Amino acid sequence: MSDIPEGTPKPEQLAQIRYKPPRRGWMDKPVELKKGTYCYSARSKFMEYLNLPNAREWNPTEGDWKLPADWKQTILDGMRERLTRFRSFRLFMDICVRCGACADKCHFFIGSGDPKNMPVLRAELLRSVYRNDFTAAGKILGRIAGARELTVDVLKEWYYYFYQCTECRRCSVYCPYGIDTAEITMLGRELLNLVGLNIGWTIEPCANCFRTGNHLGVQPHGFKDSIDFAVDELEEITGVRVEAPINKKGAEILFIAPSADYFASPHYYTLLGYLALFHEIGLDYTWSTYASEGGNFGLFTSHEMIKRLNAKMYAEAKRLGVKWILGGECGHMWRVVHQYMDTMNGPADFLEQPVSPVTGTRFENAKSTKMVHITEFTSDLIKNNKLKLDPSRNDHWRTTFHDSCNPARALGLFEEPRYVIKSVCNNFFEMPPNTIREHTFCCGSGAGLGNDENFEMRMRGGLPRANAVKYVNEKHDVNILLCICAIDKATLPVLMQYWVPGVEVGGIHEMVANALVMKGETKRETDMRGQPLNNAEEKEHV
Amino acid sequence: MMKLHDLLLQKRPAILEKWFQAALETYPADTSRFLRREKDRFANPVGHAISYGMEGLLDQLFDGNDSAKVSSLLDDIVRIRAVQDFSPSQAIGFIFTLKRIIRDVLQSEIRSGNASAEELFALEARIDSMALASFDIYMGCRETIYELKATQVKNATLKLLERTNLLTEMPEHEPDSNDDSDGK
Ligand code: SF4
Ligand code: SF4
């Protein structure tokens, strides 16, 4: 494997890293939940809907968290079980040499300055308990071996800091041993779930997803209304009436996008982009009203929840009798699809290996999951000259691209989005190399942390990303930050308004829609946002 | 008697170092080590904003008079500290420390009467006006935060939801136990 990025220290260089995480002292300070930096608890009705343990109303700022009497045993049993079930978990607990290479790589540490946001210390919160109860050295030597007893204060600290990690995996890129703190956080949250310590921002979407298939609880008729509305709007802008098939049995392809694409802005302009594109190439596809959500907040909750919420994708593909699945501009959906779907809910042997009906390209990367990323699909169309594009229709945009954590670090999707952007926009400027691709800085609001109450923490965590945007904004007048993730599109606009006012946020297929010259279209007066184009020179494409 | 301006230029490195160190000390020890050590401005935006900002502010204080530049340098630092774990006074206190630091560094000159008290007061008055400017910037940042908190949900989501009456409420009663095929 030669794709270890350049900045990663080799084991022999580790000795030279001077920056060490604190050895002791951190264990004794009880955590203080500060306003603006912690997440509210989950409401009991959503917990009950999902049959989660210890459903109740409780408040993290109150002393009594209403834990079950046997909470400690439950957590320790849960740890024991997971140490056997996940080899990686035991490995991650055992092999960290505290070299510190990851310590300053977390956007939350960089932006907040709180040492417990160093990935190594975040992991140590759990590791100290592991040492205490699961290793001989810890049992005998206690503190000296870095072990500590599990107490209510420790549990509170877990809640605070495992919900201050966006599971972005940036730290893992720099760890010479490949320790992935994101997975430690996932397991930490899973343990918290066992005693009912859940946050509202993940459990409510999970409950809604379980019920109606999508985060906001939109029912089939609502879904249809929304798509119909977009079809009308697209017609107003382009003069072209497109079809948007829903629950169409026997379609060739099932298309799944994050629900925000049909209810939130600026996601919505990307939805217009999908609709225009699929019409233009005559794609035989369908939406599903139950697989009406790409996002899966199970990823931020527990492995069981990932599986439960993901099951609808293959189930709907089977029910509708499609050949393969195409997926939209969602971030963490791709981590679930790429890393879990096949083993959890597959094999999808009733589907075929995806082949583009337009170009004949076989998508090798999707051989096992049968699900193709839309930027891979679109870049293949462009590469094969199947689209008529007028990038000058995006000349009012000076673009840069934010690699969303999951497509970048879980899927390795670096070139396709850039290829599409450069084909549909004349102005594209990269941010500095240590802030993009596998080194990309998180938006600071993923993994369930994008809520209001956590606002200050989000601004801290988003600072490194915003700082790089500010640089290209000042240097190249960049005025839009493109991304392929629904959480990014929801949270980056606020981040920009605080750190770099004047920079908008948009999706790649919004840019595609602007540039796409459609058969039978009327003269384009506005872009997808309804902003007038400076179309004195707008060429006649008819 | 030496002109204060010349004295300040002579002592500039010492003043800058002490001022930077004082700001770093408002962070936990492990953090301040990082803020000092990491020189890449993208890997360490906080450390960079503080050190770059302080250099620029000293330039302006000793030699310049560009109030827009001063505002922008102060903004880079204060905007960060306004979302970090600081009270308002802690967030902008670093400006006031500069007065103490300058008096410390010039201690012997002041005692021996080598630095003009008049010039020193004038300098301190300019530092005070920087502090007042930071206070405005700080308040501006906090107001932005409240506004963003209040409007973000409305902007992003509700506009589209209101349009089509999309939402239905989660039923309050216990779900049908058949609903849950996969639960534990
Ligand atoms: S996964 Fe991301 S948020 Fe979590 S510790 Fe690592 S760098 Fe920080
Ligand atoms: S997690 Fe990896 S990089 Fe971080 S301290 Fe441990 S061994 Fe080093």
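Only a predicted model underlies this, so the values are computations on that prediction, with no experimental measurement involved. (Residues numbered from 1 in each chain as written. Chains lettered and ligands numbered in written order. Predicted model: local features only at pLDDT ≥ 70, side-chain atom pairs only at ≥ 80, totals over all residues. Heavy atoms only, no water.)

Draft legend 1. Structural context of the overall build of chain A. A tally of regular secondary structure across chain A gives 22 helices and seven strands. Scaling as 2.2 N^0.38, a compact globule of 542 residues should have a C-alpha radius of gyration of about 24 Å, and chain A matches this with 24 Å. With the principal axes as the frame, chain A shows a C-alpha extent of 80 × 50 × 45 Å. When burial is assessed residue by residue, chain A has 67% of its 542 residues classed as buried. Excluding contacts between residues fewer than 6 apart, the proportion of contacts in chain A whose partners are at least 24 apart in sequence is 77%. When the accessible surface of chain A is summed, it comes to about 18900 Å², and 50% of that surface belongs to carbon and sulfur atoms. Each charge class in chain A can be summarised by its mean position, and for the 66 positive and 67 negative side chains these summaries are 6 Å apart. (Helix = DSSP H or I, 4+ residues; strand = E, 2+ residues; numbered from the N terminus. Rg over C-alpha atoms; globule rule 2.2 N^0.38 Å. Buried < 20%, exposed > 50% of the residue type's maximum accessible area, 1.4 Å probe, protein only. Contact = heavy atoms within 4.5 Å. Areas by Shrake-Rupley, 256 points an atom, 1.4 Å probe, with all protein chains shown as cover. Lys, Arg positive; Asp, Glu negative; His and termini not counted. Charge placed at Lys NZ, Arg CZ, Asp CG, Glu CD.)

Draft legend 2. View of the domain arrangement of chain A. Residue and element names in this part refer to chain A. By domain assignment, chain A separates into domain 1 (11-30 + 53-197) and domain 2 (207-536). Here the C-alpha centroids of domain 1 and domain 2 sit 33 Å apart. Across the contact, 26 residues belong to domain 1 and 29 residues belong to domain 2. Buried surface at the junction of domain 1 and domain 2, summed over both partners, amounts to about 2300 Å²; 57% is from carbon and sulfur atoms. Contact with domain 2 buries surface across domain 1, with R169, R170 and M186 losing the most and accounting together for 24% of the total. A salt bridge links E304 to R85, with the nearest nitrogen and oxygen atoms 3.2 Å apart. The tally of links between domain 1 and domain 2 comes to 12 residue pairs in polar contact (both at pLDDT 80 or more). Within the residue set of the side of domain 1 that touches domain 2, elements represented by two or more residues are α5 (107-112), α9 (170-174) and α10 (181-194). (Domains from an automatic or database assignment. Buried area = accessible area lost by both parts, 1.4 Å probe. Salt bridge = Lys/Arg side-chain N within 4 Å of Asp/Glu carboxyl O. Polar contact = N/O pair within 3.5 Å; in protein donor to acceptor, adjacent residues only side chain to side chain.)

Draft legend 3. Looking closely at the site of ligand 2. Surrounding ligand 2, one finds C96, V97, R98, C99, G100, A101, C102, V120, C175, P176, Y177 and I179 of chain A. Residue composition of the shell around ligand 2, by class: 10 nonpolar, one polar and one charged. (Near = heavy atom within 4 Å. Nonpolar A, V, L, I, M, F, W, Y, C, P; charged D, E, K, R; others polar.)

Draft legend 4. Up close: the environment of G446 of chain A. Residues and elements named next belong to chain A. Relative to the assigned elements, G446 resides in the loop between α19 (415-424) and α20 (455-476). Residues G446 and C485 lie 39 residues apart in sequence; the distance between their C-alpha atoms is 10.0 Å. If we skip the residues at most four places from it in the chain, G446 touches T166 and I487.

Draft legend 5. Representation of helix α12 (residues 220-238) of chain A. All names here are of chain A. The terminal C-alpha atoms of α12, which comprises 19 residues, lie 27 Å apart, in line with the 27 Å expected from a rise of 1.5 Å per residue. Turning to α12, its buried residues are G222, F223, S226, I227, A230, V231, L234, I237 and T238. Looking one or two residues beyond α12, the residue adopting positive phi is G239, at roughly 80°. (Expected span 1.5 Å × (residues − 1).)

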